[in-house]
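Observations on the model geometry
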Amino acid sequence: MPGMATIKHRGRKSGKTYETIVTAYRKGNLLAISLGHGKTDWVKNVLAAGEADVHFIRRDVHVVNPRILPAGSGAEGLPFMAKVQAKRVGVFVADIA
């Protein structure tokens with residue numbers, strides 16, 4: 001399904017590897033994921049590690065420099081769907097290495 005991806009991250013306390021299914025949007029070297037459920041554990045884990053791997057249907061990418069754009073903040077440069085959702089919810093943003 002378009003937009004579906006699996007983000008692979010490591011637990012910040014346990015060090016255990018986790019995989020979480022997300023709806024990711026990509027524009028150039030930017031990855032955006034809307035945070036409809038807020039700052040969940042996978043978000044905290046990736047922010048703490050500073051990196052993660054994302055598996056799309058046909059491609060794997062490594063993301064770095066993760067950050068959160070608060071709801072209603074400037075969404076310049078984000079993919080269209082992430083820009084629309086950024087008006088109401090926070091958006092996880094990372095650079096594709």
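Residues numbered from 1 in each chain as written. Predicted model: local features only at pLDDT ≥ 70, side-chain atom pairs only at ≥ 80, totals over all residues. Heavy atoms only, no water.

1. Some details on the nonpolar core
In terms of nonpolar packing, the biggest core is built from 18 residues, with Leu31, Trp42, Val54, Val63 and Phe92 touching the most fellow members. Among the elements of the structure, strand 1 (4-10), strand 2 (17-27), strand 3 (30-34), helix 1 (41-49), strand 4 (51-55), strand 5 (60-69) and strand 6 (91-96) are those that each provide at least two residues to this core. In this structure, Val54 is in contact with Ala5, Thr6, Ile7, Leu31, Arg59, Asp60, Val61 and Val63, ignoring residues within four places of it in sequence. One finds Tyr25, Leu30, Ala82 and Ala86 within the second-largest nonpolar core, a separate group that totals 9 residues. (Core = buried A, V, L, I, M, F, W, Y, C linked by side-chain atoms within 4.5 Å. Buried < 20%, exposed > 50% of the residue type's maximum accessible area, 1.4 Å probe, protein only. Helix = DSSP H or I, 4+ residues; strand = E, 2+ residues; numbered from the N terminus. Contact = heavy atoms within 4.5 Å.)

2. Some words on the sheet that holds strand 2
One closed barrel holds the 6 strands; their spatial order is 1-2-3-6-5-4, and the pairing between them is antiparallel. In this sheet, adjacent strand axes meet at a mean angle of 45 degrees when their direction is disregarded. Note that strand 4 and strand 5 share 5 bridges and pair antiparallel. Across the sheet, residue Glu51 finds its bridge partner in strand 5, namely Val64. The sheet contacts of helix 1 involve strand 1, strand 2, strand 3, strand 4, strand 5 and strand 6, and relative to strand 1 the element is tilted by about 60 degrees. (Pairing = 2+ DSSP bridges. Axes fitted to C-alpha atoms, helices over the stretch in contact; angles between N-to-C directions.)

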